[in-house]
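# Secondary and tertiary structure notes
Below are the chains, spelled out letter by letter.
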Amino acid sequence: MDSRERLLIDDLLMRKVDEVNYLVAVNAALYRPIVRFFHQRYEAGETGWLWPGEVAAFIRTQHPHYPAYTDEECEAHLKQLEAWGVLTSEHDVNQARTIEEFVRAARRYQISETARIIEEMLIRLARGDGARGSLDTTRLARLRDALLELGRVLAELDPARAPHDALRQVEGLWNAADDARRELREQALRYMREMEHDRMPTAADLVVFMQYKRMLRDYLDEFALGLKDFVERTRDLFEDWAAAGLDVRLALALARNERERKGDLRPEEEVRAVFEGQIRALRGFSARGGDAEILHAKTTARVRGLVEQIERVVTERRNALNRARDLRLLAQAFRRAGTDDEAHRLASVAFGWGAPRHMRAYGADAAAELDPDASVWHQPPWDVELRPRVRGNPNFRAVTPMEDRSIQKAELRARVLEQKRAETRFWDSVFRDGELVLDGLTLRSAGDRSRVVRLVRDCLRSPDRHVRLTDGSRVEILPPDDARAVAEVAAPDGFLYLRAFRLRRTEGAR
């Protein structure tokens, strides 16, 4: 596997896509209308947020099989969709004044960006009216014009001192060239793929068939010739760019534009490396063995196939030939053959097959045992030593080892372990006496206060008022003796007032 293929198989590609689980789940008949409802609300330009009651009411009124759909069932389904990453949710905390009100606040949901893209794809597939592909040669002219104009601008550009208007111009020309290249490749491949499955006129109506084939051949010929001319011209253009260093200027200008005008905070080397890869992809389009040559080869092969098909149809019509009929008659003749010898003679006449008796060619350097004045087929058989066939890839050179990531994995495990240890040290310092009283608690930072508040929130959410910490210990929240008592939690940035809860920690399995 070469480096180009190895980059395609990464951790992200092997990850399970949970966002599409709702399409094949047991309750897909409910999940899909719910997600489509969220998508329609988003596309309508509204806020996109929906309450579980609104979704349940929509299902009850619109779904023919669930007229008694309850709000509780809807909320369970919405939580499952959120777990898959299809929906996102948030608390309506505008009216919450205490932690209890914050915890009990209702949740509203919105479709995620990934699910929105999936729904758009499903809608296009259902309609079946998407773009059918095209071999329009104007895209070639548009790409060539953008490259020529970009080269003219880069020849007079200093990437380090160019004003923002010049950088904006370079970005526009680059985007136009890259978009034209992507569109040209996608449209051409889609056209070739659809042409294999497209329904075309049959040979029953010879006039319509011939007109269709000739029109299609002219269309393919025009694209093939235009693509060949484009490859030759742009290949020389990119060679001139490399000789003059214009590709380096382009990467520097695009990287500076990305960081200064668009506010990209990544290091300049990283941004420049991204654009250098895009420039190599654009150069590879016209390179030998690139996408342009592949498209040209497919187009010319399709033209040859059309020419052969037209010639065969014309020959059959002109000479009253029918290949299907001839094959059926030949099959019947083989069936009536009485012996193997008769079948061999029929095959020799029909296909030009002989009955070979030798495994070597007869020539001037033949062995002395063979009579040079007689045909080799009329002489006794000659034993030929068979050699084992060498199998495998003839271009194989060496095995490319996979990248060793054991050090990165060990470092990641060490960071996670250290985070767990820091978490354990914090809770050990807070629960020194086994019980934590919130009233009068003083913490070292706002982050520590957030940890304590999250612990209180998780305890209140839990049905049994217990929460398990990462070290295995359990924490139980106890209400104050006086329901009106208020606790004051201090931190360097201020005070937090809440009910005077007490937290009790019990040791568990470490």
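Residues numbered from 1 in each chain as written. Predicted model: local features only at pLDDT ≥ 70, side-chain atom pairs only at ≥ 80, totals over all residues. Heavy atoms only, no water.

Let us now look at the packing of aromatic side chains. All chains considered together, the criterion is met by four aromatic pairs. Their ring planes at 80° and their centres at 5.3 Å tell us that Tyr31 and Trp84 sit as a pair that is edge-to-face. On the criterion of sequence distance, the pair formed by Tyr31 in helix α3 (residues 28–43) and Trp84 in the loop between α5 (71–83) and β1 (87–91) is long-range, its members being 53 residues apart. There is no split in this pair, since Tyr31 and Trp84 are both buried. Ring centres of Phe37 and Phe58 lie 4.0 Å apart, and the angle between their planes is 5°; on these two criteria the pair is classed as stacked. Here Phe37 is found in helix α3, whereas its partner Phe58 is found in helix α4 (residues 52–62), with 21 residues between them in sequence. Taking the relative accessible area as the measure of exposure, Phe37 reaches 13% and is therefore buried. (Phe/Tyr/Trp six-rings, centres within 6.5 Å; stacked < 30°, edge-to-face > 60°. Helix = DSSP H or I, 4+ residues; strand = E, 2+ residues; numbered from the N terminus. Buried < 20%, exposed > 50% of the residue type's maximum accessible area, 1.4 Å probe, protein only.)

Here we come to the confidence of the model for the protein. Taken residue by residue, the protein gives an average pLDDT of 77. The fraction at 70 or more is 78%. Below a pLDDT of 50 lies the segment residues 1–6, which in the model reaches four contacts outside its immediate sequence neighbourhood of four places, other chains included. Confidence drops under pLDDT 50 across residues 358–362; counting only partners more than four residues distant or on other chains, this segment forms 18 contacts. (pLDDT = per-residue confidence, 0-100. Contact = heavy atoms within 4.5 Å.)

Looking now at the nonpolar core. By size, the foremost hydrophobic cluster in this structure holds 41 residues, and its most contacted members are Leu147, Leu150, Val170, Trp174, Trp241 and Leu250. If you list the elements that add at least two residues to this core, you get α8 (138–155), α9 (164–197), α10 (206–244), α11 (246–260), α12 (268–286) and α13 (291–319). The element that contributes the greatest number of residues to this core is α9, accounting for nine residues. Once residues within four sequence positions are removed from consideration, Trp241 is found in contact with Leu147, Leu150, Gly151, Leu154, Leu246, Asp247 and Leu250. Core analysis: the second largest hydrophobic core is formed by 24 residues, Val55, Leu81, Leu87 and Leu122 among them. (Core = buried A, V, L, I, M, F, W, Y, C linked by side-chain atoms within 4.5 Å.)

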